[in-house]
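Chain by chain, the residues:
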Amino acid sequence: DTAVSQTPKYLVTQMGNDKSIKCEQNLGHDTMYWYKQDSKKFLKIMFSYNNKELIINETVPNRFSPKSPDKAHLNLHINSLELGDSAVYFCASSQVRGQVNTEAFFGQGTRLTVV
Amino acid sequence: QKEVEQNSGPLSVPEGAIASLNCTYSDRGSQSFFWYRQYSGKSPELIMSIYSNGDKEDGRFTAQLNKASQYVSLLIRDSQPSDSATYLCAVYTSGTYKYIFGTGTRLKVLA
């Protein structure tokens, strides 16, 4: 029973296309995130949502549009894909408990390759 | 200055040795600290979390936190070849709604 699941696992597409990645968590967490991991393994925050509301948009091009229909789902739609968008995208979720945040749980990742 | 800094490695240790991984962070107000392990092609998985100054032990792993020095470390005792992976340090500051990751340290345990 996967805690954070994202689909698809692999995505190969041509430049200029539009694609979506879906994410769902069954942990009951209030906060969900999208991270991008580049070829050097650096995990960079893109977006965070708390109770379906966008909290952080970390200077991501507006070709990237997240959508959270409810607090268990956070999808990512990417328009007009570019070569530089090739990376692994991770969805994650966590729960804030007072001043302390517990760990983030990650989905299995989506390896996006733009050709 | 990067927000979370780690040596990229690779750090090579012989099997059975202690591997020591280090991380410094810039936000003095950070309260939550995490070590993740990531195998190639896989997602990050939590190894340890630590919130208070001092040591926290879990099996072969010990996390150490020194907030005054803004320093977090992870010790792996009796290192095994299966510990070979990239170790990511992550820091969370209340109210920011984001985990800031270091660039990771690649650990190689030599059989």
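**Observations regarding the overall build of chain B**
Summing up its helical and strand segments, chain B has zero helices and eleven strands in all. Counting helices and strands in the order they occur from the N terminus, chain B gives β-β-β-β-β-β-β-β-β-β-β. Against the 2.2 N^0.38 benchmark of 13 Å for 111 residues, chain B shows a C-alpha radius of gyration of 13 Å, consistent with a compact globule. Dimensions of chain B, computed from the C-alpha atoms along their principal axes, are close to 45 × 30 × 20 Å. Within chain B, buried positions represent 45% of all 111 residues. Residue pairs in contact within chain B that sit at least 24 positions apart in sequence constitute 54% of those at least 6 positions apart. When the accessible surface of chain B is split by element, carbon and sulfur atoms take 46% of a total near 5000 Å².

**Comments concerning the overall build of chain A**
Within chain A, the regular secondary structure consists of zero helices and 13 strands. Walking chain A from its N terminus toward its C terminus, one meets helices and strands in the order β-β-β-β-β-β-β-β-β-β-β-β-β. Compactness check: chain A gives a C-alpha radius of gyration of 14 Å against a globular reference of 13 Å for 115 residues, within 12% of the reference. Seen along its three principal axes, the alpha-carbon backbone of chain A occupies a region of about 45 × 30 × 30 Å. For chain A, buried positions account for 45% of its 115 residues. Of the roughly 5600 Å² that chain A leaves accessible, carbon and sulfur atoms contribute 50%. When the 13 basic and 11 acidic side-chain charges of chain A are each reduced to a single mean position, those positions are 5 Å apart.

**Some details on the interface of chain B and chain A**
In this assembly, 24 residues from chain B lie in contact with 27 residues from chain A. For the chain B and chain A pair, buried surface summed over both sides reaches about 2000 Å², with 56% attributable to carbon and sulfur atoms. It is B:Tyr97, B:Tyr99 and B:Phe101 that lose the most area in chain B upon contact with chain A, and together they represent 32% of the buried surface on that side. Note that A:Glu58 and B:Lys98 form a salt bridge whose closest N and O atoms lie 3.1 Å from each other. Linking chain B to chain A there are nine residue pairs in polar contact (both at pLDDT 80 or more). Elements with a contribution of two residues or more to the side of chain B that touches chain A: β4 (32-38), β9 (85-92) and β10 (99-101) of chain B. Examining the composition of the side of chain B that touches chain A, we find that four residues originate from one element, β4(B), more than from any other. When grouped by side-chain class, the residues that make up the side of chain B that touches chain A number eleven nonpolar, eleven polar and two charged.

**A short note on the confidence of the model for chain A**
Should the pLDDT be low somewhere, the predicted coordinates at that spot are not to be read in detail. Per-residue confidence for chain A gives a mean pLDDT of 93; residues scoring 70 or more make up 97%. Taking the mean pLDDT of every element in chain A, the minimum, 74, falls on strand β11 (residues 100-101) of chain A and the maximum, 98, on strand β3 (residues 19-25) of chain A.

**Comments concerning the packing of aromatic side chains**
With the rule as written, the count across this model stands at 14 aromatic pairs over all chains. Here the aromatic residues A:Tyr33, A:Tyr35, A:Phe90, A:Phe106, B:Phe34, B:Tyr36, B:Tyr51, B:Tyr92, B:Tyr99 and B:Phe101 are joined through ring pairs into a cluster of three or more.

**Some details on the nonpolar core**
In this structure, B:Trp35, B:Val72, B:Leu74, B:Ile76 and B:Tyr87 are the most contacted members of the largest nonpolar core, which totals 24 residues. If you list the elements that add at least two residues to this core, you get β3 (19-25), β4, β5 (45-50), β7 (61-66), β8 (71-76), β9 and β11 (105-110) of chain B. Excluding residues within four positions of it along the chain, B:Val72 makes contact with B:Leu21, B:Asn22, B:Cys23, B:Tyr25, B:Phe33, B:Trp35, B:Ile50, B:Gln64 and B:Leu65. Formed by 20 residues, the second largest nonpolar core is a distinct cluster that contains A:Trp34, A:Phe47, A:Tyr49 and A:Ala87.

**Considering the state of the cysteines**
Working definition: the covalent bond between the sulfur atoms of two cysteines is a disulfide. By the definition in use, this model includes two disulfides over all chains. One disulfide in the model links A:Cys23 with A:Cys91; its S-S distance is 1.8 Å. Across the S-S bond of A:Cys23 and A:Cys91 the torsion is about -75 degrees, and the bridge reads as left-handed. Of this pair, A:Cys23 sits in strand β3 while A:Cys91 sits in strand β9 (residues 87-94), and the two are 68 residues apart along the sequence. Among the residues examined, A:Cys23 registers a relative accessible area of 2% and is labelled buried. The residue that forms a disulfide with B:Cys23 is B:Cys89, at a sulfur-sulfur distance of 2.0 Å. On the sign convention where negative means left-handed, the S-S torsion of about -70 degrees between B:Cys23 and B:Cys89 marks this disulfide as left-handed. Of this pair, B:Cys23 sits in strand β3 while B:Cys89 is found in strand β9, placing the two residues 66 residues apart along the sequence. A residue is classified by how much of its surface remains accessible, and B:Cys23, at 1% relative accessible area, is buried.

What counts and how
Residues numbered from 1 in each chain as written. Chains lettered and ligands numbered in written order. Predicted model: local features only at pLDDT ≥ 70, side-chain atom pairs only at ≥ 80, totals over all residues. Heavy atoms only, no water. Helix = DSSP H or I, 4+ residues; strand = E, 2+ residues; numbered from the N terminus. Rg over C-alpha atoms; globule rule 2.2 N^0.38 Å. Buried < 20%, exposed > 50% of the residue type's maximum accessible area, 1.4 Å probe, protein only. Contact = heavy atoms within 4.5 Å. Areas by Shrake-Rupley, 256 points an atom, 1.4 Å probe, with all protein chains shown as cover. Lys, Arg positive; Asp, Glu negative; His and termini not counted. Charge placed at Lys NZ, Arg CZ, Asp CG, Glu CD. Buried area = accessible area lost by both parts, 1.4 Å probe. Salt bridge = Lys/Arg side-chain N within 4 Å of Asp/Glu carboxyl O. Polar contact = N/O pair within 3.5 Å; in protein donor to acceptor, adjacent residues only side chain to side chain. Nonpolar A, V, L, I, M, F, W, Y, C, P; charged D, E, K, R; others polar. pLDDT = per-residue confidence, 0-100. Phe/Tyr/Trp six-rings, centres within 6.5 Å; stacked < 30°, edge-to-face > 60°. Core = buried A, V, L, I, M, F, W, Y, C linked by side-chain atoms within 4.5 Å. Disulfide = S-S within 2.5 Å.

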